[in-house]
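# Survey of secondary and tertiary structure
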Amino acid sequence: MLYTFVRLSAPALMLVVANSAAAQSFADFCPGGDPETEAAVVGYVTDPEAETIVPGATVAASWVQFDTRQRVETEVGMEGLYAICGLPQDMEVSLRAVFGDWRGEAVPYTTAVTLAQQDLSLSLTSDPRRREEVGSLAAGGSRSRILGSEVIRAEDLVDLPEMSVYELLRQHSLLKFDRMSTLGEVILLTSVTLSSWGSFREQAMEVRINERREGDGVNAIRELSIDEVSRIEILSRTEASARYGGDGYVGALVITTRNR
């Protein structure tokens with residue numbers, strides 16, 4: 001089954017872009033930040049050729065300070081909006097949007113004000129299937145709910161095209177996939193509670209398929225299709241410990257398949 005590709009007319013899209021970030025304050029986007037010393041950049045990531053937003057992309061900001069290259073990243077939300085906090089003031093930074101293997105143009109930006117808007121473009125039209133995926137996510141509705149839920153059931157997935165569990169969960173708002181130097185790629189659960197340093201808490205998760213603990217969880221979900229899934233549960237450390245005892249000292253991504 002194919003996604004419905006949502007198209008927005010360029011004037012309507014630009015109107016949404018113009019009216020959103022400007023109506024917010026620094027504290028709205030960066031509740032743990034210091035407006036006296038920090039700057040923030042917000043904006044939308046769009047595919048101009050497809051005339052749609054690009055939720056699920058990553059936006060990276062990089063700059064050189066004290067002879068050292070600095071870099072911060074943020075995920076693009078379901079509304080296509082990103083916000084990068086913690087930037088130094090009066091500094092030239094480079095902004096770039098990335099989605100899988102697609103990389104947008106690097107855009108130079110100077111943090112001359114505490115909060116400003118810089119929209120980015122990213123063309124995905126070289127891959128029609130990927131464009132359909134992005135367009136469908138932009139549509140919101142039930143798909144937005146799936147990608148923010150702690151429990152995903154088989155009936156939630158019936159309208160999605162065939163894809164791996166890895167492809168699905170890469171777009172989930174509670175999860176982050178990161179590459180650790182000694183562990184390879186791992187799955188992190190991102191807490192919505194701000195730490196004392198103003199950044200989100202993250203914890204590594206183990207992957208269990210039919211209650212079996214996977215040694216290489218990331219590759220296991222790469223090979224598992226959502227058509228085989230009966231249920232996916234995202235468990236915090238507390239929830240995993242209650243279910244698995246000492247084995248749940250980290251959070252757990254629990255997948256139950258149809259043929260269990």
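Just so you know, these numbers come straight off a predicted model, no measurement behind them. (Residues numbered from 1 in each chain as written. Predicted model: local features only at pLDDT ≥ 70, side-chain atom pairs only at ≥ 80, totals over all residues. Heavy atoms only, no water.)

## Regarding the packing of aromatic side chains
Taken as a whole and judged by the stated rule, the model has one aromatic pair. Between Tyr166 and Phe177 the ring centres are 5.3 Å apart and the planes differ by 80°, which places this aromatic pair in the edge-to-face class. In this pair, Tyr166 is assigned in helix α5 (residues 165–169) and Phe177 in strand β12 (residues 175–180), connecting sequence segments eleven residues apart. Summarising the burial analysis for this pair, Tyr166 and Phe177 share the class buried. Above the ring of Tyr244, the side-chain terminus of Arg208 is found at 3.8 Å from the ring centroid. Here the basic side chain of Arg222 rests over the ring of Tyr166, its NZ or CZ set 4.0 Å away from the ring centre. (Phe/Tyr/Trp six-rings, centres within 6.5 Å; stacked < 30°, edge-to-face > 60°. Helix = DSSP H or I, 4+ residues; strand = E, 2+ residues; numbered from the N terminus. Buried < 20%, exposed > 50% of the residue type's maximum accessible area, 1.4 Å probe, protein only. Lys NZ or Arg CZ within 6 Å of the ring centre and 35° of its normal.)

## A short note on the pairing of strand β17 (residues 251–257)
Burial of β17 is extensive: seven of the seven residues sit out of reach of the surface. Along β17, one buried face is formed by Gly251, Leu253, Ile255 and Thr257 and the opposite face, lined by Ala252, Val254 and Thr256, is buried too. When strand β16 (residues 229–235) meets β17, the two strands line up antiparallel, connected through six bridges. In the strand pairing of β17, Glu233 is matched with Val254. (Pairing = 2+ DSSP bridges.)

## A word on the pattern of salt bridges
On inspection of all chains with the given rule, the structure shows nine salt bridges. One network of salt bridges, in which partners are shared, links Arg170, Arg179, Glu185 and Arg222. (Salt bridge = Lys/Arg side-chain N within 4 Å of Asp/Glu carboxyl O.)

## Some thoughts on the confidence of the model for the protein chain
Per-chain confidence: the protein chain averages 77 in pLDDT, with 75% of residues scoring 70 or above. Averaged pLDDT values for the elements of the protein chain fall to 38 in helix α1 (residues 10–20) and rise to 93 in β17. Predicted confidence is poor over residues 1–23, with pLDDT under 50, and the contacts of this stretch with residues over four places away or in other chains come to 43 contacts. The low-confidence segment residues 192–200 (pLDDT under 50) makes 13 contacts with residues lying over four places distant or belonging to another chain. (pLDDT = per-residue confidence, 0-100. Contact = heavy atoms within 4.5 Å.)

## Digging into the state of the cysteines
Enumeration over the complete set of coordinates arrives at one disulfide. One disulfide in the model links Cys30 with Cys85; its S-S distance is 1.9 Å. Measuring the twist about the S-S bond at about -85°, one finds the Cys30-Cys85 disulfide to be left-handed. Of this pair, Cys30 sits in the loop between α2 (26–29) and β1 (38–47) while Cys85 sits in strand β5 (residues 81–88), and the two are 55 residues apart along the sequence. (Disulfide = S-S within 2.5 Å.)

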